[in-house]
Amino acid sequence: MRVRDEAAQIAGQITELRHAIHREPEIGLDLPKTQAKVLAALDGLPLEISTGQGLSSVTAVLRGSAGSGPVVLLRGDMDALPVTEETGLPYASVIPGAMHACGHDLHTAMLAGAARLLSARQAELDGTVVFMFQPGEEGYAGARSMIEEGVLEAAGARPVAAYGLHVTSQRLPCGTFSTRAGAMLAAADQITVTVHGRGGHASTPHRAADPIVVACEMVTALQTLVTRKFDVFDPVVITVGSFHAGTTDNVIPDQATFLATARSFSHGSRDALAELVPRLIGDIARGHGLTAEAVYAREYPVTVNDAAEAAFAGETIADVFGAERGEQAEFPLTGAEDFSFVLEQVPGAFVMLGACPPGRDPLTAPTNHSAHAVFDDAALAEGTALYAELALRRLIRGAA
Ligand SMILES: [Zn+2]
Ligand SMILES: [Zn+2]
């Protein structure tokens with residue numbers, strides 16, 4: 001039987017697991033209930049299972065009996081977001097302030113489904129599959145923690161390839177896959193700025209040093225920096241998402257602070273941001289006789305798909321589902337992913353999977369992270385099949 005048909009046969013189980021995880025979302029690096037559900041789903045399968053020390057990860061190793069071929073890694077993230085769900089779904093979150101609004105519940109269930117399908121084919125596997133169940137994708141760099149705890153050495157030999165899947169509640173029609181060679185997602189960094197002025201009476205600003213006007217100048221200067229210092233074909237995005245200063249209309253405060261996100265798609269532009277942003281902030285402050293601190297914190301690197309692995313994933317999608325179900329994306333996405341830490345060390349590919357429910361227009365449906373985001377269960381069997389097919393076919397191709 002084809003893997004895709006086998007996935008369809010266990011769709012009920014995968015959906016049940018997904019709904020159970022969805023109902024009880026957990027945030028961050030410590031997801032004990034989600035971890036327990038994963039361990040229960042893997043129970044009885046011929047896997048070597050280990051769990052994390054500093055985070056509630058699950059690493060499962062499946063050693064094929066058909067030979068000592070290479071190692072392939074499949075990754076699914078498990079964490080939810082601090083969002084109160086407003087979908088009204090029968091399996092909606094029962095925990096206020098926590099929701100699987102990014103669809104990681106689907107990834108976890110699909111990866112467990114793939115572990116089941118591949119376990120049934122253990123006799124024909126020439127090589128090893130590592131299943132990486134990862135907490136803390138949403139801002140906690142859980143992938144980096146799992147690498148530090150040895151997920152890339154879990155099978156003994158290091159993986160020759162790694163694949164990650166991500167569902168999207170909009171843009172792609174349900175069941176459509178999208179990937180590309182090179183940059184797939186942006187690097188995401190945080191800029192924290194504090195402008196130190198000298199407070200005083202708002203009627204006599206010349207006797208004070210107003211940090212607000214200077215901070216405002218910085219906000220607009222950052223947008224000018226984007227257009228004047230960066231190649232339009234190697235773009236960056238800077239958005240100031242938080243700006244705080246002062247208490248009332250007639251007082252000049254001592255300081256102003258703001259936070260910005262900086263997105264980039266190459267090492268060169270990321271390094272340039274890290275150098276140019278603090279310099280610009282400092283120079284503007286000095287120009288007005290004030291001082292400022294700008295901290296440029298590197299968070300997630302660019303998610304870079306290996307060209308050969310992205311092509312392999314595209315061929316696999318076309319062969320398993322039909323050419324019309326796969327897209328080579330023209331542009332990267334401006335979101336970020338900590339699977340980037342894995343892809344810095346192992347060639348691989350990150351693939352998006354449309355999960356927009358029927359009756360919603362993919363172009364206008366609420367996006368991932370929205371309290372109204374809905375991901376269709378129909379994507380589950382297809383994602384499970386792709387995980388399993390990528391591992392099976394990559395092992396057949398061997399270490400090359
Ligand atoms: Zn997300
Ligand atoms: Zn996500």
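Report follows, based on the coordinates. Everything quoted here is computed from the prediction, not taken from an experiment. (Residues numbered from 1 in each chain as written. Chains lettered and ligands numbered in written order. Predicted model: local features only at pLDDT ≥ 70, side-chain atom pairs only at ≥ 80, totals over all residues. Heavy atoms only, no water.)

Going through the model one piece at a time under the given rule, you end up with five aromatic pairs. Measuring from ring centre to ring centre gives 4.9 Å for F177 and F321, while their planes differ by 35°; the resulting arrangement is tilted. Taken as a pair, F177 in strand β6 (residues 177-179) and F321 in helix α8 (residues 307-321) lie far apart in primary sequence, 144 residues in all. Between F243 and F258, the aromatic rings sit 5.9 Å apart at their centres with planes inclined by 5°, giving stacked as the arrangement. (Phe/Tyr/Trp six-rings, centres within 6.5 Å; stacked < 30°, edge-to-face > 60°. Helix = DSSP H or I, 4+ residues; strand = E, 2+ residues; numbered from the N terminus.)

A word on the coordination of the zinc ion (ligand 1). Taken together, the protein donors to the zinc ion (ligand 1) comprise C102 (SG), E138 (OE) and H369 (NE2), at separations of 2.0 to 2.3 Å. Counting along the primary sequence, the residues that act as donors to the zinc ion (ligand 1) give the motif C-x35-E-x230-H. Here the zinc ion (ligand 2) and the zinc ion (ligand 1) are spaced 3.1 Å from one another, each receiving a donor from C102. One end of the pair, C102, is in the loop between β3 (67-77) and α4 (104-120); the other, H369, is in the loop between β16 (348-354) and α10 (378-397), with 267 residues separating them in the sequence. On the accessibility criterion, H369 (39% relative accessible area) is partly exposed. (Donors = N, O, S within 2.8 Å, 3.2 Å for Na, K, Ca; no water. Buried < 20%, exposed > 50% of the residue type's maximum accessible area, 1.4 Å probe, protein only.)

All right, on to the nonpolar core then. Soluble globular proteins tend to pack their nonpolar side chains together in the buried interior. Among the nonpolar cores identified, the biggest contains 58 residues, and L42, L74, L118, V129, F131 and F133 are the most heavily contacted of them. The greatest single-element share of this core, amounting to 11 residues, is contributed by α10. In terms of nonpolar packing, the next biggest core, distinct from the first, is built from 27 residues, V193, V195, L273 and L290 among them. (Core = buried A, V, L, I, M, F, W, Y, C linked by side-chain atoms within 4.5 Å.)

This part covers the environment of S203. In this structure, S203 sits in the loop between β9 (200-201) and α6 (211-229). Measuring from C-alpha to C-alpha, the distance between S203 and I252 comes to 9.0 Å, with 49 residues separating the pair along the chain.

The end-to-end C-alpha separation of α4 is 25 Å, in line with the 24 Å expected for 17 residues at 1.5 Å each. Buried residues dominate α4, accounting for 15 of its 17 residues. (Expected span 1.5 Å × (residues − 1).)

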